[in-house]
Amino acid sequence: MTTPKNDKNTRTTGRPTLNEVARLAGVSPITASRALRGVSTVATELVEKVQKAALELNYVVNPAARALASAQSHSVVVLVPSLSNLLFIDTLEAIHRVLTPKGFEVLIGNFHYSRDEEENLLRNYMAYQPRGFLLTGFDRTESSRRMIESSNIPCVYMMELDSAAGVNCVGFSQLSAGETAAEHLLSRGRKRLAYIGAQLDQRTLLRGEGFRKALQKAGRYDPDLEVLTPRASSVGLGGELFLQLLAAHPDVDAIFFGNDDLAQGALLEALRNGIKIPEQVAILGFNDLPMSEHMVPRLSSINTPREAIGRRAAEQMLTLMAGNSVARPVQDMGFELKIREST
């Protein structure tokens, strides 16, 4: 009995291979791979041939196998704390627009504001041998930090800034944003200022710290007017905390909310309960989400450069993956106070 010769281009599973796609399309395996990854240098007619061949053969890319074969994947891992918040959706879209035309796959992980979940995601994605990590902020477990450092995989941090040597980051000062919020409300003649924050991730706490410092400097800080809860930020929660705060402290005349959805909920409850905004209470949000300028009254908010952060972070990553150092490893994208009717 003759044993069939093993063809290195054929999988024992019977699933179609990249080589089969390339043969059917009449191109080299390298060209087929680049075409399927969306590399912009591949001619349009060749991309169409390869895609048609892949569709005809029902070929599905196996990123893990490709990484093992080349000892280097074409994946960039992006870890964010939420996919229900438009803040991170804008950032992810910008990252896709930069990396995908260069032939990189964007792998997204949602760690739900949990340091332990983020650690598990990092460990699992390491198996894919990604080319880079785009991570949100600096608050993570010690095990996660050690994994990142020992992997030698390029990493760019988003949303926060850190001037430590060797750190590449794109964001803005959360502390300064909180200070700006307090200064704006004080400039409006407000005397009893409160801060309401939820979720209590590091960025929310830093905003609150900046707000607190500015009030302390002005002699207007009252710890009883600082409302912090680990509950998930939402419109409903914002309305609930707003009414609770006013019931306990009816003399409050200005509130800075750590997120726009909380502030939007407060505006809705104010409208429902006949509380005049800003005559009785000025309300200021954070992130300037799309609905904020359409609220009644229109919500004042601190606009954060979500799209710009994603784009610049992805550009930094391309530089690092090419083996080059970033000219400006710490990039402060700033923020903008949007003053509208609610303050």
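It should be noted that the structure appears before, not after, this text.
Computed from a predicted structure; not experimentally measured. (Residues numbered from 1 in each chain as written. Predicted model: local features only at pLDDT ≥ 70, side-chain atom pairs only at ≥ 80, totals over all residues. Heavy atoms only, no water.)

Right, let's talk about the environment of His-184 for a bit. Along the chain, His-184 falls in helix α8 (residues 174–187). Sequence separation of His-184 and Asp-288 is 104 residues, and the distance between their C-alpha atoms is 15 Å. His-184 has contacts with Leu-284, Leu-337, Ile-339 and Thr-343, leaving out every residue within four places of it along the chain. (Helix = DSSP H or I, 4+ residues; strand = E, 2+ residues; numbered from the N terminus. Contact = heavy atoms within 4.5 Å.)

To continue, consider the pairing of strand β8 (residues 254–257). Residues Ala-254 and Phe-256 point to one face of β8 and Ile-255 and Phe-257 to the other, with burial holding for every one of them. Strand direction decides the pairing type here: strand β6 (residues 193–198) and β8, joined by 4 bridges, are parallel. Along β8, the bridge assignment pairs Ala-194 with Ile-255. As judged from the 3 bridges shared by β8 and strand β9 (residues 282–287), these two strands associate in the parallel manner. (Buried < 20%, exposed > 50% of the residue type's maximum accessible area, 1.4 Å probe, protein only. Pairing = 2+ DSSP bridges.)

A separate point is the sheet that holds strand β3 (residues 132–136). Neighbouring strands of a sheet are bound in pairs by backbone hydrogen bonds; such pairs are parallel or else antiparallel. The sheet built from 6 strands is open, its strands ordered β2-β1-β3-β4-β5-β11 with parallel pairing. The sheet is open, and its two borders are formed by β2 (105–110) and β11 (330–332), each paired with just one other strand. Neighbouring strand axes in the sheet, compared pairwise and without regard to direction, differ in orientation by 15° on average. With 3 bridges connecting them, strand β5 (residues 169–171) and β11 associate as parallel partners. (Axes fitted to C-alpha atoms, helices over the stretch in contact; angles between N-to-C directions.)

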